[in-house]
Amino acid sequence: MYIFLASSPYSGSTLLSYVLGGHPEIATVSAASGGRREGRMATYRCSCGRVMHDCPFWLGLRDEMRGRGYTDFALDHFRLGFDRAPGTLRERLRSGSLHWTWLEDTRDAALKHVGGRATAMATVGRRNADFAAAVMKLSGAVAFVDASKERMRIRHLERNMPMPLRVIHLVRDVRGVAASALHHASQAGAGTEAAAHGWEATNGTILRHLAELPSEHHTMVRYEDLCRDPVATMERLYAFCGVDPQRAAAPLAGGGEQHLIGNQRRLATWSEITLDERWRIELSAEQQSRITAIGGSAYRQLYPD
């Protein structure tokens, strides 16, 4: 089973990926279609601590994917993203968010037979399914968790991937996301309001696409609930993933070596799950009010209380 962990940045997806990956029946590499690593492989480390191209897991996965016919598979770029040129107007028109599902349906129908788009999207879908199958084979798992940040990934996976898809929608209070963005300002290049707009756009798109799936194929979890009651939250998520909750150790208590890529947080050593609500003292009342207003209907739906 392919489980997509959908979230906006700074919502705790690396932490949740790590906890899920601690279950013996779940495998994850966190951000499967994450950033490209060309030119960085000499120092780019797996979460196990090894340089990625010296890690037995990744070398085994490379050989497994090439054995499945993906002779172009390389550790510096998996080619699992549906966006061929992220951020460009042409790519947005080809496969990006158009803000309305009916307009995206119209776009996809119109481009179905243009320039081999349908074949290209199906090829990426199969590649993702084979990647997940290869990771599960090497890990002895029955479920694969993908925490990529591709905004349209739910729609494209559901339509193009020959493997059952389930979605965990991880959300964090928009004020917490905005405050975390400030802590990473040198990387994000954005302030609190820009981060809030990104939160609204990402979660609005996720909610739109989840509405197209059967209700039993997706679930929502708040970062705050995960931190306040990790045991009960994880029991529910393990059941959703189709694995036995009784086989899991306590969150962060075990699970063996993992091989996560993406966010720098993958290199951290977690001993406990703690709730980060620094925004309560770092953001003024005026900032908090402005940020929640930007969160709009998505915030009201996800945090009705």
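Details of the structure are given in the entry above.
Our subject in this report is the structure included herewith.

Cut-off values and rules
- Residues numbered from 1 in each chain as written.
- Predicted model: local features only at pLDDT ≥ 70, side-chain atom pairs only at ≥ 80, totals over all residues.
- Heavy atoms only, no water.
- 1 Å grid on protein atoms, 1.4 Å probe; cavity = no way out; pocket = protein on both sides within 12 Å on 5 of 7 lines; lining within 4 Å.
- Points joined across faces, edges and corners; volume = space filled by probe spheres on them.
- Helix = DSSP H or I, 4+ residues; strand = E, 2+ residues; numbered from the N terminus.
- Buried < 20%, exposed > 50% of the residue type's maximum accessible area, 1.4 Å probe, protein only.
- Pairing = 2+ DSSP bridges.
- Axes fitted to C-alpha atoms, helices over the stretch in contact; angles between N-to-C directions.
- Parallel < 35°, antiparallel > 145°, perpendicular 65-115°, else oblique.
- Contact = heavy atoms within 4.5 Å.
- Nonpolar A, V, L, I, M, F, W, Y, C, P; charged D, E, K, R; others polar.
- Disulfide = S-S within 2.5 Å.
- Phe/Tyr/Trp six-rings, centres within 6.5 Å; stacked < 30°, edge-to-face > 60°.

**Focus: the layout of surface pockets**
Here is step 1 of the chain: Its volume calculated, the second largest pocket comes out at about 240 Å³.
Here is step 2 of the chain: In this structure, the second largest pocket is lined by D173, R175, R222, E224, D225, R228, E277, W279, R280, Y299, Y303 and D305.
Here is step 3 of the chain: Among the secondary structure elements, those contributing two or more residues to the lining of the second largest pocket are α10 (223-228) and α12 (279-282).

**Considerations on the pairing of strand β3 (residues 143-146)**
Here is step 1 of the chain: Burial along β3 is two-sided: the residues A143 and V145 and F144 and D146 are all buried.
Here is step 2 of the chain: Of the pairings in the sheet, the one linking strand β1 (residues 2-6) to β3 comprises 3 bridges and is parallel in character. Across the sheet, residue I3 finds its bridge partner in β3, namely V145.
Here is step 3 of the chain: Where strand β2 (residues 26-30) meets β3, 4 bridges bridge the pair, whose relative direction is parallel. Counterpart to A27 in the pairing with β3 is F144.

**Here's the deal with the packing of helix α5 (residues 117-139) against helix α6 (residues 153-160)**
A packed helix pair is summarised by two numbers, namely the angle formed by the two axes and the spacing between the axes.
Here is step 1 of the chain: Between α5 and α6, the least distance of the axes is 9 Å, while the angle of their chain directions is 90°. For the element pair α5 / α6, the angle class is roughly perpendicular. Seen from α5, the contacting residues are R117, M121, A122, G125, R126 and N128; seen from α6, they are R153, H156, L157 and N160.
Here is step 2 of the chain: For the contact of α5 with α6, the residue count by class is 3 nonpolar, 4 polar and 3 charged.

**Section: the state of the cysteines**
Here is step 1 of the chain: Tallied over the full model, the rule gives 0 disulfides.
Here is step 2 of the chain: Looking at C46, it has no disulfide partner, and the nearest cysteine sulfur is the one in C48, 3.6 Å off.
Here is step 3 of the chain: Among the residues examined, C46 registers a relative accessible area of 0% and is labelled buried.

**So, the packing of aromatic side chains**
The description of two aromatic rings rests on the distance between their centres and on the angle between their planes.
Here is step 1 of the chain: Evaluation of the coordinates by the stated rule reveals 9 aromatic pairs.
Here is step 2 of the chain: The interplanar angle of 65° and the centroid separation of 5.9 Å between the aromatic rings of W199 and Y299 together place this pair among those described as edge-to-face. Of this pair, W199 sits in helix α9 (residues 192-210) while Y299 sits in helix α13 (residues 285-302); the two residues are 100 residues apart in sequence, bridging distant segments of the chain. No difference in accessibility class separates W199 from Y299, as the two residues are buried.

**Some remarks on the side chain of R155**
Here is step 1 of the chain: Residue position: R155 is located in helix α6.
Here is step 2 of the chain: R155 gets classed as buried once you look at its relative accessible area, which sits at 3%.
Here is step 3 of the chain: Those residues in contact with R155 that sit more than four places away from it in its chain are T101, E104, D105, D108 and H209.

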